[in-house]
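Commentary on secondary and tertiary structure
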Amino acid sequence: MGSTETLDNLKTCTQLGGSPPDGPGGENRLALDNRSLWPNGSELVVNMWGQSDFVRSKVIQFANEWSLYANLTFKFMDRDAPGDSDIRISFTSGIGSWSYIGAVAKSISQNNATMNFGWFDDETSDEEFSRTVIHEFGHAIGCIHEQASPVVDIPWNKPAVYEYYLKNDGWDKAKVDSNVFAKAIQANTLNSRFDNTSIMQYPYPPELTLDGSSAGWNRVLSNLDKTFVMRCYPKEGIVRSTQDGVYLVNRVRGGGHEASGIAYYSHFGNNDGQQPDDYAEVSNEGFAWWENGGNVTFGSGVTMKWTLAEDAGKSPLFSRVGFANNGLEKWNVYRDDGRLLYERDGWQVYALFWAF
């Protein structure tokens, strides 16, 4: 967190409905309330009440970042157009920025807003539009605040947190407990591992934690945000609710050594720098030609089979290029960006595709 991004200018978001709150919330890992997802492939009608053409155009621009990866689209109504809408946006200052969670918005009267942006004007920077609009539309498609995820354990300095929210938002202890410290119920949540780069991760400074840990100001979708929402709202292929997955990888080591294999993770997503939970070698004498398909058996005895399109390696990033099957369920395969996934025993391991 930069020197100008302190407790004094921290802007707080509130999530309404869904899990865990019956009111606002805090945040910091990507998770979705599985009770509040919209039907996959939905076109969500959005009505904005007021504001300048400039601000309205920025809301449209950054909201559509989600549609690059999720199988959801937003249809923005013209100014003052009649008719019902799924998402209704007000621009009321003094009440912060907030949104209802996912399809909870369907239960809200057409006369009431389901989202508010409390600090936008024609002088707002693109960085602030990006941070706030993508975040609130994340709520609108079902994402909860990450610190509400059932697997996150932030060592909060609770007296400091209580003091901060009392001073800046007028919240009493009960409201802080329900909106910052409460955890979602695992049975109601689809979640990835902790991702402090997620757009749904709200910033908090080291003064609010016992170990001095903090979260920065995230302004764009993280890689995990993209892959996770693709899993929950796939553009094509299979919808899954389990959380494991694999990477199809190429390995290199000094001296011209090359190999390929499949790295398995029980918690898939944002696994950069993590050693896999299981690994199966596909080729130890050069790179595999992944487009030829094949199968391999892990140490656990599970056999993974994959079939890719013949142009999979040249397909657009994050596009679906085939299928994989572990004998229990069928997975989508997507093209990855060839990034360094992890290192081990002198090998550098690069992700070419992923499957979940």
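1. As for the pattern of salt bridges
- Scanning all chains against the criterion turns up seven salt bridges.
- As a salt-bridge pair, D53 and R79 come within 2.8 Å of each other at their nearest N and O atoms. With D53 in helix α1 (residues 53-63) and R79 in the loop between β4 (73-76) and β5 (87-90), this pair connects stretches of sequence that are 26 residues apart.
- On the basis of relative accessible area, R79 is assigned to the partly exposed category, the value being 34%.
- When the shortest N-O distance is used, the salt bridge between R131 and E128 registers 2.8 Å. Placement of the pair is R131 and E128 together in helix α2 (residues 126-140), with a separation of three residues, close to one helical turn.

2. Re the packing of aromatic side chains
- Considering all chains together, one arrives at 21 aromatic pairs under this definition.
- Seen from their ring centres, W98 and Y100 are 6.1 Å apart, and the 85 degrees between their planes marks the pair as edge-to-face.
- Accessibility expressed as a relative area gives 14% for W98, which makes it buried.
- Considering the side-chain rings of F117 and F120, the 4.9 Å spacing of their centres and the 20 degrees angle between planes classify their relative orientation as stacked.
- A connected cluster of aromatic rings, assembled from ring pairs, spans F54, F91, F117, F120 and F129.
- Between the NZ or CZ atom of K158 and the centre of the ring of F181, over which it lies, the distance is 4.7 Å.
- The side chain of K173 reaches across the aromatic face of Y162, ending 5.3 Å from its centre.

3. Brief notes about helix α5 (residues 223-232)
- Among the 10 residues in α5, nine count as buried, and that is most of the element.
- Buried residues of α5: L224, D225, K226, T227, F228, V229, M230, R231 and C232, and no others.

4. Quick word on helix α4 (residues 173-181)
- All of the buried residues along α4 are V176, N179, V180 and F181. Taken down its axis, α4 places every buried residue within 155 degrees of arc, on the same side.
- Residues of α4 that are buried make contact with α3 (158-169).

5. Some details on the side chain of N218
- If you trace the backbone, N218 turns up in the loop between β9 (189-191) and α5.
- Of the residues examined, N218 reaches a relative accessible area of 13% and is grouped as buried.
- At 2.9 Å, the side chain of N218 forms a polar contact with the backbone oxygen of S198.
- Those residues in contact with N218 that sit more than four places away from it in its chain are R131, N196, T197, S198, I199 and Q201.

6. A closer look at the nonpolar core
- If you look at the biggest cluster of nonpolar residues, it comprises 51 residues, and the most contacted ones within it are V59, W66, F74, I89 and F137.
- In this structure V59 touches M48, F76, I89, F91, F117, F120, V133 and F137, once residues within four positions along its chain are discounted.
- If you look at the next biggest cluster of nonpolar residues, it comprises 18 residues, including V246, L248, A324 and V333.

7. Concerning the side chain of S42
- Relative to the assigned elements, S42 resides in the loop between β2 (31-33) and β3 (43-48).
- Its relative accessible area of 14% is what places S42 among the buried residues.
- A distance of 2.5 Å separates a polar side-chain atom of S42 from the backbone oxygen of P39.
- For S42, the contacting residues outside a window of four places in its chain are N71, L72 and T73.

8. Let's talk about the confidence of the model for the protein chain
- Looking at the protein chain as a whole, its pLDDT mean stands at 84, while 83% of the residues score no less than 70.
- The model gives residues 18-31 a pLDDT under 50, and that stretch makes 89 contacts with residues more than four places away or in other chains.

9. As for the packing of α1 against α2
- Two elements in contact, α1 and α2, have axes separated by 8 Å at closest approach and are oriented at 60 degrees. As judged from the angle between their axes, α1 and α2 are oblique. Seen along the crossing, α1 lies across α2 with a hand that is right-handed. Between α1 and α2, the contacting residues are F54, V55, K58, V59, F62 and A63 on the first element and D126, F129, S130, V133, I134 and F137 on the second.
- Of the residues that constitute the contact of α1 with α2, the class distribution is nine nonpolar, one polar and two charged.

About the thresholds
Residues numbered from 1 in each chain as written. Predicted model: local features only at pLDDT ≥ 70, side-chain atom pairs only at ≥ 80, totals over all residues. Heavy atoms only, no water. Salt bridge = Lys/Arg side-chain N within 4 Å of Asp/Glu carboxyl O. Helix = DSSP H or I, 4+ residues; strand = E, 2+ residues; numbered from the N terminus. Buried < 20%, exposed > 50% of the residue type's maximum accessible area, 1.4 Å probe, protein only. Phe/Tyr/Trp six-rings, centres within 6.5 Å; stacked < 30°, edge-to-face > 60°. Lys NZ or Arg CZ within 6 Å of the ring centre and 35° of its normal. Arc of directions from axis to C-beta. Contact = heavy atoms within 4.5 Å. Polar contact = N/O pair within 3.5 Å; in protein donor to acceptor, adjacent residues only side chain to side chain. Core = buried A, V, L, I, M, F, W, Y, C linked by side-chain atoms within 4.5 Å. pLDDT = per-residue confidence, 0-100. Axes fitted to C-alpha atoms, helices over the stretch in contact; angles between N-to-C directions. Parallel < 35°, antiparallel > 145°, perpendicular 65-115°, else oblique. Left-handed = near helix turned anticlockwise from the far one by under 90°. Nonpolar A, V, L, I, M, F, W, Y, C, P; charged D, E, K, R; others polar.

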